[in-house]
Amino acid sequence: MPNWGGGAKCGACDKTVYHAEEIQCNGRSFHKTCFVCMACRKGLDSTTVAAHESEIYCKSCYGKKYGPKGYGYGQGAGALSSDPPSRNLDLQQQESKPHRPSSSPNSSKFAQKFGGSDRCPRCSKTVYAAEKVMGGGQPWHKTCFRCALCGKSLESTTVTDKDGEIYCKVCYAKNFGPKGMGLGNLGMVEDRG
């Protein structure tokens, strides 16, 4: 059937796409209303689209369908591995000490690219560059960067450290500062009568 003055065929609905309503992606044309994720039907634009062959997805659905699988990849904390569940439980029970990063060349390249080689001293989990705060010469998660005694959130100007642990200035002074008359520790003041 001849295409009389119309545009290309839409990659989603296969109807004619006229120039005024056309969005091009991956060498194909789409109606603005048809330019939606094939999985969740969310509207797409040039910053949110991810194309796979003739299919278009939002970046989230694309990652779930075609991205790497396993813990920490696009499917949330519930996606641990593709091993059968019983084998997973056995492995978790056997591992009582914290996981240490492997020394294989591929994982170190991944760690260099995404900043995942450091471990948080508070929770022992990997600290990635986007969430890293340095204190006491160690990398911390922003959420773990709190006083060990009172739990107050710390900043670079309010942090003090002792023996690998971090404290706010008030707790540090009370517990490790000088003691005696007039030095901030009210418990040491004597009544002279």
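Structure: above.
These numbers come from a predicted model, not from an experiment. (Residues numbered from 1 in each chain as written. Predicted model: local features only at pLDDT ≥ 70, side-chain atom pairs only at ≥ 80, totals over all residues. Heavy atoms only, no water.)

### A closer look at the pairing of strand β10 (residues 165–168)
Along any regular strand the residues' side chains alternate between the sheet's two faces.
Thinking step 1. Two strands pair when backbone bridges link them, and strand β9 (residues 159–162) and β10 are joined in this way by four bridges, in the antiparallel orientation. Considered in β10, the bridge of V159 is made with C168. (Pairing = 2+ DSSP bridges. Helix = DSSP H or I, 4+ residues; strand = E, 2+ residues; numbered from the N terminus.)

### Observations regarding the side chain of S29
Thinking step 1. Its location among the elements puts S29 in strand β2 (residues 28–31).
Thinking step 2. There is a polar contact of 2.5 Å between the side chain of S29 and the side chain of E22.
Thinking step 3. The residues touching S29, leaving out its near neighbours within four places in the chain, are A8, K9, C10, G11, V17, E22, I23 and Q24. (Polar contact = N/O pair within 3.5 Å; in protein donor to acceptor, adjacent residues only side chain to side chain. Contact = heavy atoms within 4.5 Å.)

### Thoughts on the side chain of T160
Thinking step 1. Relative to the assigned elements, T160 resides in strand β9.
Thinking step 2. Among all residues touching T160, those that are not within four sequence positions of it are E165, I166, Y167, C168, K169 and Y172.

### Re the pairing of strand β8 (residues 138–141)
Thinking step 1. The pairing of strand β7 (residues 132–135) with β8 spans four bridges and is antiparallel. Counted as the bridge partner of V133 is W140 from β8.
Thinking step 2. Between β7 and the antiparallel strand that follows it, β8, lie two residues; G136 among them carries a positive phi value of about 65 degrees.

### Examining the nonpolar core
Looking at soluble globular proteins, one finds that nonpolar side chains tend to be buried together.
Thinking step 1. In terms of nonpolar packing, the biggest core is built from 13 residues, with C25, F30, F35, C37, L44, V49 and I56 touching the most fellow members.
Thinking step 2. Ranked by residue count, the leading element in this core is strand β4 (residues 55–58), at three residues.
Thinking step 3. In contact with F30, not counting residues within four places along its chain, are C10, G11, A12, V17, E21, E22, I23, C25, F35 and I56.
Thinking step 4. V127, F145, Y167 and C171 belong to the second-largest nonpolar core, a separate cluster that totals 12 residues. (Core = buried A, V, L, I, M, F, W, Y, C linked by side-chain atoms within 4.5 Å. Buried < 20%, exposed > 50% of the residue type's maximum accessible area, 1.4 Å probe, protein only.)

### Considering the environment of Y18
Thinking step 1. Structurally, Y18 can be placed in the segment before β1 (22–25).
Thinking step 2. A residue is classified by how much of its surface remains accessible, and Y18, at 46% relative accessible area, is partly exposed.
Thinking step 3. As a C-alpha pair, Y18 and A8 span 10 residues in sequence and 7.3 Å in three-dimensional space.

### Examining the pattern of salt bridges
A side chain of one charge can pair with a side chain of the opposite charge when the charged atoms of the two come close.
Thinking step 1. Under the definition given, this model contains two salt bridges.
Thinking step 2. Note that K132 is salt-bridged to D118, the shortest N-O span being 2.8 Å. Taken together, the residues span a long stretch of sequence, with K132 in strand β7 and D118 in strand β5 (residues 118–119) at a distance of 14 residues.
Thinking step 3. Residue K132 is classed as partly exposed on the basis of its relative accessible area, which comes to 33%.
Thinking step 4. With its nearest N and O atoms 2.3 Å apart, the salt bridge here joins R122 to E165. Taken together, the positions of R122 in the loop between β5 and β6 (126–127) and E165 in strand β10 put the pair 43 residues apart, joining distant regions of the chain. (Salt bridge = Lys/Arg side-chain N within 4 Å of Asp/Glu carboxyl O.)

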